[in-house]
Amino acid sequence: MPSRLRAILSLLVLLLAAPAGAQDKVTLRLKHLHQFQFAGYYAALEQGYYREAGLDVRILEGVDGNQAERDVLSGTAEYGVAGSSLLLARLAGKPVVVLGVIFQHSPFGLAMRQSGGEPDIRRLIGKRAMIGSLSDEAGNTDELLAYLVKEGVPVGSIQRVAPSFDPHDLIDGKVDAMAVYTTNEPDLFDRLGFPYDLYSPRAVGIDFYGDNLFTSEREIASHPARVRAFRAASMRGWQWAMSHQEETADLILNKYSRRNDRAHLLYEARQMVGLVQPVLVEIGYMNPERWRHIADVYAGLGMLPKAVSFDGFLYDGDDKRGSLVWLYRVLGAVAVALVLAAAVHFSLLARERKRALDAIRKGEQRFRTMFEASPLGIALIDSVSYEYRDLNLRYLEIVGRSQQELRAGRWLDIAHPDDAAQIKAQMAQLTAQRQSGFKATSRLLRPNGDTVWIDMSITVLDTEAAGHPHHLCMIEDVTAKKHSETLIWQQANFDALTQLPNRRMFHDRLAHDIVKSQRERSSLAVLFIDLDHFKEVNDTLGHHQGDILLVDAARRISACVRKSDTVARLGGDEFTVILSTLGQTERVELIAQQIIDSLRAPFALGQEQAFVSASIGITLYPDDARDIDDLLKHADQAMYAAKGAGRNRYSFFTPALQVAALNRMRLTNDLRGALAGGQFALYFQPIVHLESGRVHKAEALIRWNHPQRGVVSPLEFIPLAEASGLICDIGEWVFRESAQWVRRWRREHQADFQVSVNQSPLEFQREDGSYEAWLAHLRALELPGQSVVVEITEGLLLDANTAVSNKLLQLRDAGIQVALDDFGTGYSSLSYLKKFDIDYLKIDRSFTRNLAPDSSDMALSGAIIVMAHKLGLKVIAEGVETPEQRDLLAAAGCDYGQGYLFAKPMPADEFDAFLRSA
């Protein structure tokens, strides 16, 4: 009684002594940077609880975990937030006093990259770990060090790394483990898809308090009423923050920090529910026995003596020293209070009992309201019988059942059969007191058959010795998140069209099979499959029909291999197969031939049929290569060898293929310096007017004079130029050189002389492939567009898009004519002859070679000539080598001839002399 009266009198005197409206300015130093971890203090400030208590509070971030302790002891701040290491500071003689516990359980854990096997903390021995400060200063991760020792991992057996607090150090492999907050870093790991195992000291009974509100003895002695007011307002703020999580997250974003997004703040809030336990424990409550447990853990680490006393460390609102100071100040008032106390003792005792009962009832009502309104599903369960003792509405919503249905059954009745056994095993560990709780992601079955994914947290509750043990089950519906993760994983690892593994998944499986082959001392084969003539299907029937063909091809290839083998699509019309655990290579040949035979059959594409074949390259592990890159490179080389041998076949990798690939690579490298080195030369072959025998035209042909190899055929280096992108620069050089010569020949030989230049489809289709630069160059040389003919192939027109059409129109408008080269060897479609402005058709030499009066080649050549003339086109026959061929073509009406009969291709200066002598 005297203490209560003293408190009332002290408050009255304080109110009388203070000017109206005056507020005490105090500073609260946080443990770390602004985040939901300190939400209660922001709420107390923004909701006006501090103001109502007569306090003007300034909240400051912390740079490191011990700054709050230093500031409070130095007087820079009156109050601070720190971990359980405050106990070490107190017993080191520092006058710190804990006002209240916010986190009933520490959020500290240890994260390690998943190894693929069962989680085992002893994997950390000899590895690098980022755990706490490397200095002698007391840290906040001592509980993790105690945990390691208890699990058989001595601190000296690990390589401790100075903390950077950057989770990417673990993700990038700079360290093998790091101390994390379970409310923080796991969210980043999950977002990045980083596989990790999380270890908690609570699993072995090391249960530290987390964040604690504290002050100094000096503050309590000098301002006892202010301490009580600050503590009470702070706890009100925490109650509000934990029951208004979304509003608090918005408050932090608007006024304190945007370092983390809203989703992360809410993740932090959800994780804190199980650590703060606002439904079960009044925020601020602290148990001396828990502090004794923490002291015993420190003693086990050799940081404290055993059975040490920490009197005065835990705050008592009726602090005796503060009261003693007060007694000296108001000694007379105390004497009167003692007399009055004797008179009203029984009356106040009865009133106090009533107030205590009211407080208990209101507390129960408050906690019940929070229990019912919680965004998490919460159930109280008998740990022995698995019967439900209490449930909130959100739990019923998640499981899709009524309270009566659940109470009539048992807890795990609704669990997915595949998950129930694992949960029971963890419950056995819990009931055997080997752990105080656990978390798991599992599935529930609703009555309608739907599967619900939940994040579940199980916590043991203290019960009377004679009663059954109980546990609290908190669940959150994460079905949508799981479906999203599954979809993202599917999209990242499987081809959207064929549903086969994509390149990424193929690499993962190949790496796995290589390790398996090493372990079992077996071999495997990689098949690289390319569909022959697939582009022609796309060009003629369209990409939609091409996609249908690819899906059917994927099905056929998969049907030729075992389920344990892997079929993947790398992109386009390229497929790969992994044949694992091989016995003999004969089986590889058999499967490769089955795939070829399967793909040779016609593909039904609506009303059309398409025919393709396959070229397959095969490489063997470990005979041909021992790593993934070399296996794929060699299989690709073997596939090109199969194509070069005529397609529709398979080819094994041989060292000779590697030599050929190296030669191609070296030739490509040499080609990069050929233009600057002046190694190209332009040759010209005359095109003769058959009726008059005059040379009106010439075709420009490029030659490469290699310094070591001599003259390199265009058939060899043009494909390399196209593959390397050099073809555009080379084509530009050919055009400019040709323009110089045609200018001379139009001036000195014939005014309407024309030079034909060949254009690669890559040159024609390039994005910046406008002919403005060509036209400007012709204008600079005072040449008309008619002086140049551009030769293209049929394939370019088959896949003609708007850009191709526009460039053809640009050529026509500039007067540059277009010749269609090698006509008769491809599709020879009349549709594009009508659609595009073509000036010349060039009959391929394969028709000219076997011309005879009554031959089919003569009939076809004649038909081409007649058709071209009907369409207003001129005809040039290539490969004319004999007078008989010339005469037959001339009789059929062919306009021009080109071939060895007239002249071979010759250097420009020789061709100039040829014209002069003609």
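See the structure printed just above.
Residues numbered from 1 in each chain as written. Predicted model: local features only at pLDDT ≥ 70, side-chain atom pairs only at ≥ 80, totals over all residues. Heavy atoms only, no water.

Caption draft 1: Highlighting the packing of aromatic side chains. Counting across every chain of the model gives 28 aromatic pairs. Ring centres of F189 and Y196 lie 5.1 Å apart, and the angle between their planes is 50°; on these two criteria the pair is classed as tilted. When sorted by exposure, F189 lands in the same class as Y196, which is buried. Aromatic side chains F680 and W733 sit 6.1 Å apart centroid to centroid with 45° between the ring planes, which places their arrangement in the tilted category. (Phe/Tyr/Trp six-rings, centres within 6.5 Å; stacked < 30°, edge-to-face > 60°. Buried < 20%, exposed > 50% of the residue type's maximum accessible area, 1.4 Å probe, protein only.)

Caption draft 2: Highlighting the sheet that holds strand β21 (residues 613-621). In spatial order, the strands read β17-β18-β16-β21-β22; together these five strands make up an open sheet with mixed pairing. The open sheet terminates on both sides in strands that have one partner only, identified here as β17 (566-571) and β22 (649-652). For this sheet, the mean angle separating the axes of adjacent strands, direction not counted, is 20°. Here seven bridges tie strand β16 (residues 523-532) to strand β18 (residues 574-582), and the two strands are oriented antiparallel to one another. Among the inter-strand pairings, L527 is bridged to a residue of β18, identified as V577. Packing of helix α24 (residues 628-644) onto the sheet brings it into contact with β16, β21 and β22, and relative to β21 it is tilted by some 145°. (Pairing = 2+ DSSP bridges. Helix = DSSP H or I, 4+ residues; strand = E, 2+ residues; numbered from the N terminus. Axes fitted to C-alpha atoms, helices over the stretch in contact; angles between N-to-C directions. Contact = heavy atoms within 4.5 Å.)

Caption draft 3: A look at unusual backbone geometry. Cis geometry marks the peptide bond from Y621 to P622, where omega comes out at 5°. Here P622 shows up in the loop between β21 and α24. Although it is not a glycine, F165 sits at a positive phi angle of roughly 60°. Examined against the element boundaries, F165 turns out to sit in the loop between β7 (159-160) and α7 (168-171).

Caption draft 4: Structural view of the pattern of salt bridges. Here the structure, examined in full by the defined rule, presents 46 salt bridges. A salt bridge links R226 to D24, with the nearest nitrogen and oxygen atoms 3.6 Å apart. Taken together, the residues R226 in helix α10 (residues 224-243) and D24 in strand β1 (residues 24-29) connect sequence positions 202 residues apart. Among the charged side chains, a network of salt bridges with common partners joins D382, E387, R389 and R410. (Salt bridge = Lys/Arg side-chain N within 4 Å of Asp/Glu carboxyl O.)

Caption draft 5: Region of interest: the pairing of strand β3 (residues 79-82). Judged by which residues are buried, β3 turns out to be covered on both faces: Y79 and V81 on one side and G80 and A82 on the other are all buried. In terms of strand pairing, β1 meets β3 through two bridges, oriented parallel. When the bridges of β3 are listed, L28 appears paired with Y79. Where β3 and strand β10 (residues 212-216) come together, three bridges link them in antiparallel fashion. What sits directly across from G80, in β10, is F214.

Caption draft 6: How the structure looks around the nonpolar core. Residues L28, Y41, L87, L110, F230 and W291 are the most contacted members of the largest nonpolar core, which totals 96 residues. Those residues in contact with L87 that sit more than four places away from it in its chain are W291, I294, A295, Y298, L304, F310 and F313. In terms of nonpolar packing, the next biggest core, distinct from the first, is built from 72 residues, L671, L775, A877 and L889 among them. (Core = buried A, V, L, I, M, F, W, Y, C linked by side-chain atoms within 4.5 Å.)

Caption draft 7: Focus on the environment of S200. By the secondary structure assignment, S200 is in the loop between β9 (196-199) and β10. Remark: the alpha-carbon pair of S200 and F108, spanning 92 residues in sequence, is separated by 7.1 Å.

Caption draft 8: The arrangement of the pairing of β17 in detail. In terms of residue burial, β17 counts as a mostly covered element, since five of its six residues are buried. Note: β17 against β18, five bridges, orientation antiparallel. When the sheet's bridge partners are listed, V567 is paired in β18 with V577. Once β17 ends, the chain turns through two residues before running back antiparallel as β18, passing G572 with a positive phi of about 55°.

Caption draft 9: Main features of the sheet that holds strand β5 (residues 108-113). One open sheet holds the five strands; their spatial order is β7-β6-β8-β5-β9, and the pairing between them is mixed. On the outer flanks of this sheet lie β7 and β9, each paired with one strand and no other. Where helix α6 (residues 142-150) meets the sheet, its contacts fall on β5, β7, β8 (177-181) and β9, and the angle it forms with β5 comes to roughly 60°.

Caption draft 10: Spotlight on the packing of helix α27 (residues 727-748) against helix α29 (residues 772-780). The interhelical angle for the contact between α27 and α29, taken along N-to-C directions, is 20°, at an axis separation of 11 Å. In terms of orientation, α27 lies roughly parallel with respect to α29. Note on packing geometry: the crossing formed by α27 with α29 is right-handed. Residues E732, F735, R736, A739 and Q740 of α27 form the contact with α29, whose own contacting residues are W774, H777 and L778. Residue classes in the contact of α27 with α29 are distributed as four nonpolar, two polar and two charged. (Parallel < 35°, antiparallel > 145°, perpendicular 65-115°, else oblique. Left-handed = near helix turned anticlockwise from the far one by under 90°. Nonpolar A, V, L, I, M, F, W, Y, C, P; charged D, E, K, R; others polar.)

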